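Structural description and commentary
These are the residues of each chain, in order.
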Amino acid sequence: MTALTSDGFTKSGFLKEYATFNHVWATLMLEELYRLGVRVAVLAPGSRSSPLTMVASEHAGLRCHCHFDERGLGFMALGTARGSQRPVVIITTSGTAVANLYPAVVEAKLLGVPLIVLSADRPIELLDNGSNQAIDQRDIFSSHTIVHHDLPPPDAEIKAAFLLSTLDQAVDQQRRTPGPIHINCRYREPLYPGNCLVDASEYLSPLGRWLMTSKPWSDWPISTSMPTFKDDWKAFAQQRGLIVVGRIEDSSDNSQQALQIVELSKQLGWPLLADIQSQVRFDPHNLIHFDLALHDERFSAELAKAEVLLQFGGRLISKRLSQFIAQQPWQDVWLVDSLPQRLDPDYCVKRRLICSPASFIDDLPTIPEQPPWHQLASLQRRTTQLVEERCTAFSELGVCHLLAQLAEGQLFIGNSLPARLMNMLGTHRQTPLRVLANRGASGIDGLIATAFGLSCTRSEPTTIVLGDTSALHDLNSLALLKQASQPLVVIILNNDGGSIFHMLPVPKEGELLERYYRQPHGLSFEHAAKMFGLGYSAPSSLEGFAAAYTQALEVGVSLIEVNVPHQQVADDLKALGEAIRGEPREQ
């Protein structure tokens, strides 16, 4: 029925006949995307998308994943693209199926993740006339895509080269400014194979060599020249500086990048404050408890002696660190991140370098090693001691602190409280731990699906820790987990609702806090685990949690539920902050 190049369907090149002309265009599109680097397609069921679905399922070079829930499908694609560092194609039918991708597309735009949405659609004559499952999908994602195209229905009068070059240009723009692409594909019936095949040989013949090679139709080279900054580096490096590391997206050379940042910190004698998303978090050189240590006036005063700031990666989780950066009268601030986004919420940055940390450090001139200008490591010891003392009980603090030590492979952290707790706690590790989070829009939707997508890209265990409300938002995605080929552990911190609101200045009069903010649900996840065929445990001690987690890594896919009182985490963090500040406890 359909065929592609030797890297695609068959070794014989393109076939002469196709099911419908819709299938001809679908074949061209998916083959060109394959040549541009796509290796994974995720699909939801639907009729209007049948040409894309049938072609994707038959492409020898594409690995296809399916999910019945488009919202989860979008986040699964997000996780897969982040883990593989390759663009991932999402195929959906028309109507609200496309709208369900919106949260994942928003997150992809903010994190610079290369998604390619191929949404099937009705032709324009079926809009605004009562036709079934027809909505206006043109630019449905608004400013949240890098590129969007509303393609005309496939037509033999439109050159095939138009379709190929449109995709080439879109992917080139995506490479320069990473983020999601939306291609709206309008299909007229017939959508399925009939008795008569379409002879496309004359239509395809102008493509010439493209039919017999494995290269894209057109080439858009990317300049790799680095910005000039060497002249200013020497003066910058001779001042009292601070290195902060925010989100650094994973790549094959991730461990090398982390090592380079640590070595630069040692060479300059500058303190290193690394976020949980930095891939440097657990290095012994990082001041791992800096977030909590900022409660200590002596630590903060010592840190305030820094004159310049060098930051790698944006989107810091620590609010205390962000406030410190905003209030400090810096003489100079440099921000290094490969995404061409501002990533400067407090407008402190004086020099913005759009490149990877490795590229930046590789291009630095050599300077003599300098002794540390600070005493922050010794000033942090008291905070570390208090953290160890307060994390011995079975609580959200205790579990997160222990998980940072026990986790293997890669860890995906949920938003709201889990991200903050994992960013505060933990200890230095000898073995590496890859840590990721959806901290673009920082939503609580799609977290389980994202973690599953990440797990599909690595031959190692994946752990996700998230709150109960987040888990309820993405409960459908538990259906994906049985497909996991590596151990996958879901840890749900169940404090019966949004307990983070205990720590926010929300109105607490009457029932406002409970009914309209925290919204307790009284639900357990045991039956959800059984419904989706997952292993389940609900430990009641840290020893039990450690045993359950160790066992979960051996059995495949498991859900561990940590049931804790809703007020406990707020009380524990308040008490810990008071102890660090040296304040007496209220009786």
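Our subject is the structure listed above.
So, a few notes on the structure that sits alongside this text. Keep in mind the model is a prediction, meaning the values are calculated, not measured.

On to the pairing of strand β19 (residues 557-563). Taken across its 7 residues, β19 has 6 buried, putting it largely inside the fold. Where strand β17 (residues 488-494) and β19 come together, 7 bridges link them in parallel fashion. Bridging across to β19, Val489 finds its partner in Ser558. Where strand β18 (residues 535-537) and β19 come together, 3 bridges link them in parallel fashion. Paired with Ser537 across the two strands is Ile560, which belongs to β19. Read as a crossover between parallel neighbours, the route from β18 over helix α21 (residues 542-555) to β19 is right-handed.

In spatial order, the strands read β10-β9-β11-β12-β13; together these 5 strands make up an open sheet with parallel pairing. If you trace the sheet from one side to the other, it starts and ends with β10 (272-274) and β13 (351-353), each paired once. Strand after strand, the sheet turns through a mean of 15° between neighbouring axes, direction not considered. Pairing analysis gives 5 bridges linking strand β11 (residues 308-312) to strand β12 (residues 332-336), with the strands arranged parallel. From the neighbouring strand, Phe312 faces β12, where its bridge partner is Val336. Most of the contacts of helix α12 (residues 319-327) go to strand β9 (residues 241-245), to which it runs at about 140°, and overall it touches β9, β10 and β11.

In this model helix α14 (residues 376-390) runs 22 Å from its N-terminal to its C-terminal C-alpha over 15 residues, within 8% of the 21 Å that 1.5 Å per residue would give. When the local axis directions of α14 are compared, the greatest deviation, roughly 30°, occurs at Arg382. Every buried residue of α14 is listed here: Leu376, Gln380, Thr383, Leu386 and Val387. Contacts from the buried residues of α14 go to α10 (290-293), α11 (297-303), α15 (396-406) and α22 (568-581).

Parameters at a glance
Throughout this document, residue positions are counted from 1 along each chain, in the order its sequence is written. The predicted nature of this model means local features are confined to residues of pLDDT at least 70 and side-chain atom pairs, given and counted, to a pLDDT of 80 or more, with totals for whole chains, interfaces and linings taken over all residues. As a rule here, side-chain values come from all non-hydrogen atoms in the structure, and water together with hydrogens is ignored. Burial here depends on accessible area, computed with a 1.4 Å probe over protein chains only, as a share of the maximum for the residue type. Under 20% is buried, over 50% is exposed, and the range in between is partly exposed. Each helix corresponds to a stretch of at least 4 residues labelled H or I by DSSP, and each strand to a stretch of at least 2 residues labelled E; elements are numbered beginning at the N terminus. Between any two strands, at least two bridges found by DSSP are needed for them to pair. A clockwise course of the path from the first strand over the helix to the second, judged with the strands pointing away from the viewer, identifies a crossover as right-handed. Lines fitted to C-alpha atoms define the axes, with helix axes restricted to the stretch in contact, and inter-axis angles between N-to-C directions lie between 0 and 180 degrees. Contact definition: two residues touch when any of their heavy atoms are within 4.5 Å. One less than the number of residues in a helix, times 1.5 Å, gives the span that helix is expected to have. Here the bend at a residue means the angle between the axes of two seven-residue stretches, the one that ends at it and the one that starts at it.

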